[in-house]
Amino acid sequence: MDLKLLFISTLLGMICCGCAQQEGNECIKANALSCGECIQVGAKCGWCTDPEFLKQGEPTSARCDELESLKKRGCSNTKIENPHGSQRILKNKAVTHRKKGAEKLRPEDITQIQPQKLSLKLRSGEPQNIKLKFKRAEDYPIDLYYLMDLSYSMKDDLENVKNLGTSLMKEMSKITSDFRIGFGSFVEKTVMPYISTTPAKLLNPCTGDQNCTSPFSYKNVLKLTSNGKQFNSLVGQQQISGNLDSPEGGFDAIMQVAVCGNHIGWRNVTRLLVFSTDAGFHFAGDGKLGGIVLPNDGKCHLQDGMYTMSHYYDYPSIAHLVQKLSENNIQTIFAVTEEFQPVYKELKNLIPKSAVGTLSANSSNVINLIIDAYNSLSSEVILENSKLPEGVTISYQSHCKNGLVNEGENGRKCSNISIGDEVSFNINITAQGCPKQGKPETIKIKPLGFTEEVEIELNFICECDCHKHGIKNSEMCHNGNGTFECGACRCNKGRVGRQCECRKDEVSTEDLDKNCRRDNGTDICSNNGECVCGACECKKRENPEERYTGKLCECDNFNCDRSNNKLCGGHGRCECRVCICDANYTGSACDCSLDTSTCLASNKQTCNGRGLCECGTCRCTDPKFQGPTCEICPTCPGVCTEHKECVQCRAFGTGEKKDTCERDCSDFKLIVVKDRDKLPQPVQAFPLMHCKERDANDCWFYYTYAVNNTEKEVHVVETLECPAGPDIIPIVAGVVAGIVLIGLALLLIWKLLMIIHDRREFAKFEKEKMNAKWDTTENPIYKSPINKFSNPNYGRKAVAL
């Protein structure tokens, strides 16, 4: 079973190895027929221009291979075409270091991103890295346009906004010395809520005695200006209007504010749009309710400040708004009431560089709302790029404040940036292949909400340098039937063959096929190729690393001897089924090293003078010695003692080395056996020593020590022998002798005490004897054995019955 598993795992390893090679060498798989096609496959691919490089039977596409593979196959560095991409900085104006109160600069003279223009040469699969620097300039100009809903529900809000100009000017002066403000208003398309109403109602849509202006879609009331009083005056003249449905036509107004730059007066500075409302919004598709089916065209349609095409074009979609706001670098602040906060927060998530603030019922907090929203928007920089050409990818890595590094989608942005802070971005631009026309392309990268941008010109490397020196209609290509370039023929239309020697309609004929058979045999190209124009073109293997070669495709580079599951032992190359070994290797599988340094012992002798160095390994001539340099003698005296402590700590966890066992005793393989009968015997093919050692507790353990090839093996019996035999008799005898001595001592003490007691009793007896009062002839303790009894009724008269 173990052998089966080993075989299966080895086979799977070979298959996976082959798959990895196949997947790894994309250069050969591409089947490139020219240098230009080859270098477009990937950055690892090169093209050999040496005319003599190809062997018989190899197709032209074999010139395209990985660089190291080309070198191994005999192509010199000077003959390998491997162009690399490059970059040039065309405009690199330093970011502005300016403080508030310093000399006033024109907006176009302030630089916040560096560099401004680059030119890249892109090689397929090879990324070009560029570094952008961004710094928030101090005292940067701001344009703010206030767009307000003038439906009837915003009546009290209008009163507070009438004084907004001067108040906001005062607050914004703390941020910038160059601030301009404008005003616009919106209500609704005139065809939407009033289709069924009367003309009189259109003139005054408010109920009761309220005087309202007629409804309108969007009106540009005040172009951007630095005159706050003018703002107050014009806004003070505005009147409330009304409509019948709750959603408003604010999207029409936002679109016109974004695309009508000349009418609004936008400068190339920070552009803020404040959108103030207490209602929702109509979007694309809602116009159908009023019979409007044409989609919004995203163009400016202002005349005398009024949007004139509201009845003609539908509302814009959210995506359309996002596009136009981004194109015009406008940052949006939605100032909406609490009721509509959830709706506009969802909208904010769809519009980059936008913010939402809660507007009080009468807009009294609008100034604080604008300041807070501006600080939030300006503290974050987000890079975006224009549409990329086909096959071009881009990735970002941001280096923000406090050493924070972001990658992926977060690599486009940095947050919590204060005025004067500097951050950087590493940007990788990679091309895969070449555009169809191969013409230069231009992309732009800019921070959202800012007018500055970086222009990058992309030039694609679609051909090799050697292509420029190609010889058209060269005689080297069979009488001028192709262009000789980069060491190979590029055939004219309708021609095939390595030298373009055949027409496509005569590729295979009986006469030509004779040249592809060995000794008039039947196998064409050894069954390993096709006969094209009387010459064999060897077929490709599934693994692109494996090739057939030879005039008749009779050779290959994969059927050579193997060692350690490696072709030619990993120390040579296979040519026509024979290993060509690297220097210092020999043998049919290049598995024999000629290097003798591995056989040198510590005493600088080859194999310690006890053997011969063969294929980098010692062959010990003295059978007693083993080891990599014949330094080990398993049967020599002292081996058991030398390994006693290590065997004891590894097998039983005891001994002097138990604390350092893992470090000091890991140089041998330990095998535990059940009893002494299971220990290996000296009949083995390698020398073996039987050992018997005693531990600190006088217990014996048994083991064998041997060297199997170069591996040290120790077999040890799993249990210790701690016999209670002759070795313990002296101890037992000593214990018994001690017990006897103690007994004798106790006996003597007892005897002494008894003698003392007897003498005391005898003395007491003598004393009592001397004091006796009775006759010495009588026994004082004598008691007569005769007892006398008397009848109490003796002598009395009998009683008459």
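We now turn to the structure provided with this report. (Residues numbered from 1 in each chain as written. Predicted model: local features only at pLDDT ≥ 70, side-chain atom pairs only at ≥ 80, totals over all residues. Heavy atoms only, no water.)

## Quick word on helix H11 (residues 318-327)
Here is step 1 of the chain: Every buried residue of H11 is listed here: His 320, Leu 321, Lys 324, Leu 325 and Ser 326.
Here is step 2 of the chain: If you follow the buried residues of H11, they end up packed against helix H9 (250-259), strand S14 (330-336), strand S16 (381-385) and strand S21 (441-447). (Buried < 20%, exposed > 50% of the residue type's maximum accessible area, 1.4 Å probe, protein only. Helix = DSSP H or I, 4+ residues; strand = E, 2+ residues; numbered from the N terminus. Contact = heavy atoms within 4.5 Å.)

## So, the sheet that holds strand S2 (residues 64-66)
Here is step 1 of the chain: On the basis of which strands lie adjacent, the open sheet formed by three strands has the order S2-S1-S3 and antiparallel pairing. The sheet is open, and its two borders are formed by S2 and strand S3 (80-81), each paired with just one other strand.
Here is step 2 of the chain: Direction of pairing for strand S1 (residues 45-48) relative to S3: antiparallel, over a ladder of two bridges. Its bridge partner being in S3, Cys 48 is matched across the sheet by Ile 80. (Pairing = 2+ DSSP bridges.)

## Looking at the state of the cysteines
Here is step 1 of the chain: Throughout the structure, instances matching the rule amount to 25 disulfides.
Here is step 2 of the chain: Note that Cys 48 is cross-linked by a disulfide to Cys 75, the S-S spacing being 2.1 Å. Disulfide Cys 48-Cys 75: torsion about the S-S bond near 95°, hence right-handed. With Cys 48 in strand S1 and Cys 75 in the loop between helix H4 (67-72) and S3, the pair connects residues that are 27 residues apart, well separated along the chain.
Here is step 3 of the chain: Cys 75 sits in the buried class, given a relative accessible area of 3%. (Disulfide = S-S within 2.5 Å.)

## A few points about the packing of H9 against H11
Angle between the axes and distance between the axes are the two parameters that describe a pair of packed helices.
Here is step 1 of the chain: Packing of H9 against H11 leaves a shortest axis separation of 9 Å and a crossing angle of 25°. The angle between H9 and H11 places the two elements in the roughly parallel class. Judged by the sense of rotation from one axis to the other, the crossing of H9 with H11 is left-handed. The segment H9 lies against H11, with Phe 251, Ile 254, Met 255, Ala 258 and Val 259 engaging Ile 318, His 320, Leu 321, Lys 324 and Leu 325.
Here is step 2 of the chain: Considered class by class, the residues forming the contact of H9 with H11 number eight nonpolar, one polar and one charged. (Axes fitted to C-alpha atoms, helices over the stretch in contact; angles between N-to-C directions. Parallel < 35°, antiparallel > 145°, perpendicular 65-115°, else oblique. Left-handed = near helix turned anticlockwise from the far one by under 90°. Nonpolar A, V, L, I, M, F, W, Y, C, P; charged D, E, K, R; others polar.)

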